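Structural description and commentary
Here is what each chain is made of, one letter per residue.
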Amino acid sequence: MIRIVVLLLMFDVVAAADGFAEIRVVDAETGRGVPLVELQTVNATKFVTDNAGRVAFLEPDLMGRDVFFSVRSHGYAMKKDGFGFTGTRVTPRAGSVCEIKLPRTNIAERMGRLTGEGLFRDSALLGHTVPPVINGRVIGQDSLQAAIYRCKVFWLWGDTQRSGYQLVLFRSAGATSDPKADPAEGIAYDYFVDAKTKFAKALMPLTERPKGVIWIFSLFVVDDKLVAHYSRRQGLGEVYEHGICTWNDERAIFEPTKQLPLTDTWRYPKGHPIRHEGWWLFGSPNPNVRVPASLAAVLDTTQYEAYTCAGADGKPIFGSDGQPAWHWQKDLPPTDSKREAAWVKAGVMKPEQTRFLPSGVTLHSGSVRWNAHRQKWLLLAGQVGGTSYLGEVWYSEANAPNGPFRKAVKVVTHDKQTFYNVVHHDFFDSGSSIYFEGTYTSDFSGNPMKTPRYDYNQVLYRLDLDHANLRHK
């Protein structure tokens, strides 16, 4: 009798394995599925929506019953009920769909996670047709660089996680993709992989110098060469060497081209480069360093110029009109958002005189790109501090790549999570829609809770430049 009962219970479990209920969270404004939404039951069972906004729900004790889910999502919010709870009640049934419409408070719309496994995990479990699994066997990546090289998008990430062990690939991973693909449908990366492990390969192995991690910055094409700045270092600490590296097409790796001195470290490519009027402009987020647009100049540190209004004493210089005397020069380092914020705090510069401090926001990393729709230079950057440390993204625009950027509008927020190294992909711009991404993680946020599958990965947003709440000044 006991054996019969056990067999019947096993049969019920097997039969229920195909009996998922679909819970789908959609943007109340666009009707599109919302990724990265946390649904939590009263007994603290948590689910996170996949890139299509779906959760495959199969809790034997809760099927066919009213279930209250608290709903939490960065930049999205439901109204609190009379008891102060934010959520909704649904009745999950096998084979049925429960839809939750979620109002968006962010101006930008979250499109999905770009890297790592299980992008459409729940959708696949529910039997929906999903994009093919990307190769590379990566489960986490941070700090993206991108450039158009030989008619493809060349993607380059920093540290890359694998499933087999906690230690990660510390010498840059990369991939290519079709620049004409619709980013709203995800990006089909073609990773550079190791032939034996099938895991993403190190794109700057430097096997003869095994000490330290290698990070690559400022990917761009000059004189038909794919070049970048690299740094070999002890994590965020000591720098062992840095310089300019060049992509070797035959070997499919970056190779050191020239080492640079460890002093005057502003004299090298930084951030996400811009080609403008015969110069390459660098800086993160603001382009405040430039060099003539040739490989010979890029390799020559004496050719770099910095944009500043500071004197040798580090204080701002003002012209006869009482305004900061901004100019390009070769002797002093550039002025950035942090320095301007310090000047304002010290009372030596007025807020309205700043160039890289829009609306008083101290900027972290980001990018500046030209936009044909707005006929402006657009700034998208993270913030130092703010509502969540390194979790806010601001938008500003100017008539020149180096500003002045006066007004800023917050377009994305992340509650107690980090979203750093923001970059706008102008090659995806279409009409009023632009796309940007950043690294989503609990690191640096002070929050010990990691979001399953999303933590330490790239997340993509879409911004409608004609959105009613995006104030253009």
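Since the model is a prediction, treat every value here as computed from it, not as a measurement. (Residues numbered from 1 in each chain as written. Predicted model: local features only at pLDDT ≥ 70, side-chain atom pairs only at ≥ 80, totals over all residues. Heavy atoms only, no water.)

**Section: the side chain of Ser 231**
Looking at the secondary structure, you find Ser 231 in strand S16 (residues 225-233). A distance of 3.4 Å separates a polar atom in the side chain of Ser 231 from a polar atom in the side chain of Arg 233. If sequence neighbours within four positions are ignored, Ser 231 has contacts with Val 213, Ile 214, Trp 215, Phe 217, Val 239, Glu 241 and His 242. (Helix = DSSP H or I, 4+ residues; strand = E, 2+ residues; numbered from the N terminus. Polar contact = N/O pair within 3.5 Å; in protein donor to acceptor, adjacent residues only side chain to side chain. Contact = heavy atoms within 4.5 Å.)

**Section: the sheet that holds strand S8 (residues 109-113)**
With antiparallel pairing, the four strands of this open sheet are ordered in space as S8-S30-S29-S28. Looking at which strands have only one partner, the edges of the open sheet turn out to be S8 and strand S28 (418-424). For this sheet, the mean inter-axis angle between neighbouring strands, taken without regard to orientation, is 30 degrees. By the bridge criterion, four bridges tie S8 to strand S30 (residues 457-464) in an arrangement that is antiparallel. Paired with Gly 112 across the two strands is Leu 460, which belongs to S30. (Pairing = 2+ DSSP bridges. Axes fitted to C-alpha atoms, helices over the stretch in contact; angles between N-to-C directions.)

**Quick word on the sheet that holds strand S24 (residues 363-371)**
If you walk across this open sheet you meet the four strands as S24-S25-S26-S27, and the pairing is antiparallel. The open sheet terminates on both sides in strands that have one partner only, identified here as S24 and strand S27 (409-412). Pairwise comparison of adjacent strand axes, ignoring direction, gives a mean angle of 30 degrees for this sheet. Summarising the sheet, strand S25 (residues 376-383) and strand S26 (residues 393-398) pair through six bridges and their orientation is antiparallel. Residue pairing for S26: Gly 382 is matched across the bridge by Val 393.

**Brief notes about helix H4 (residues 337-346)**
Within H4 the residues assigned to the buried category are Ser 337, Glu 340, Ala 341 and Trp 343. Burial along H4 is one-sided: seen end-on, the buried residues are contained in an arc of 160 degrees. Residues of H4 that are exposed and point over 90 degrees away from its buried face: Lys 345 and Ala 346. In this structure, the buried residues of H4 make contact with S24. The N-capping residue of H4, defined by a side-chain oxygen 3.3 Å from the backbone nitrogen of Lys 338, is Asp 336. Looking one or two places after H4, you find Gly 347, whose phi comes out positive at around 80 degrees. (Buried < 20%, exposed > 50% of the residue type's maximum accessible area, 1.4 Å probe, protein only. Arc of directions from axis to C-beta.)

**What about the pairing of strand S5 (residues 67-72)?**
Side-chain positions along a regular strand alternate between the two faces of the sheet. Residue alternation in S5 divides its side chains into a buried set, Val 67, Phe 69 and Val 71, and an unburied set, Phe 68, Ser 70 and Arg 72. Examined bridge by bridge, strand S2 (residues 38-40) and S5 share three bridges and lie antiparallel to one another. Pairing of Leu 39 across the sheet is with Val 71, part of S5. Two elements, S5 and strand S6 (residues 87-90), share four bridges in a ladder whose sense is antiparallel. Across the sheet, Val 67 pairs through a bridge with Val 90, a residue of S6.

**Some points on the packing of aromatic side chains**
Tallying each qualifying case throughout the model produces 26 aromatic pairs. Consider the rings of Phe 154 and Phe 254, whose centres lie 6.0 Å apart with planes at 80 degrees: the pair is edge-to-face. Here Phe 154 is found in strand S11 (residues 152-157), whereas its partner Phe 254 is found in strand S18 (residues 253-260), with 100 residues between them in sequence. Comparing Phe 154 with Phe 254, the two get one shared label, buried. Here the aromatic residues Trp 155, Trp 157, Tyr 189, Tyr 191, Phe 427, Phe 428 and Tyr 435 are joined through ring pairs into a cluster of three or more. Sitting over the ring of Tyr 454, Arg 113 keeps its end group 5.1 Å from the ring centre. Directly above the aromatic system of Trp 326 lies the positively charged group of Arg 355, at a separation of 5.5 Å from the ring centroid. (Phe/Tyr/Trp six-rings, centres within 6.5 Å; stacked < 30°, edge-to-face > 60°. Lys NZ or Arg CZ within 6 Å of the ring centre and 35° of its normal.)

**A short note on the confidence of the model for the chain**
When pLDDT is averaged along the chain, the result is 93; 96% of the residues meet or exceed 70. Long-range and interchain partners of residues 1-17, a stretch whose pLDDT sits below 50, account for two contacts in this model, where long-range means more than four residues apart. (pLDDT = per-residue confidence, 0-100.)

**Structural notes on a nonpolar patch on the surface**
Together, Tyr 165, Leu 167 and Phe 170 line one region of the surface with nonpolar side chains, adding up to about 340 Å² of accessible area. With respect to the element layout, Leu 167 can be found in the loop between strand S12 (160-161) and strand S13 (173-177). Given the relative accessible area of 54%, Leu 167 is considered exposed. (Patch = residues over 30% accessible without salt bridge, like charges linked within 9 Å, V, L, I, M, F, W, Y side chains within 5 Å. Areas by Shrake-Rupley, 256 points an atom, 1.4 Å probe, with all protein chains shown as cover. Salt bridge = Lys/Arg side-chain N within 4 Å of Asp/Glu carboxyl O.)

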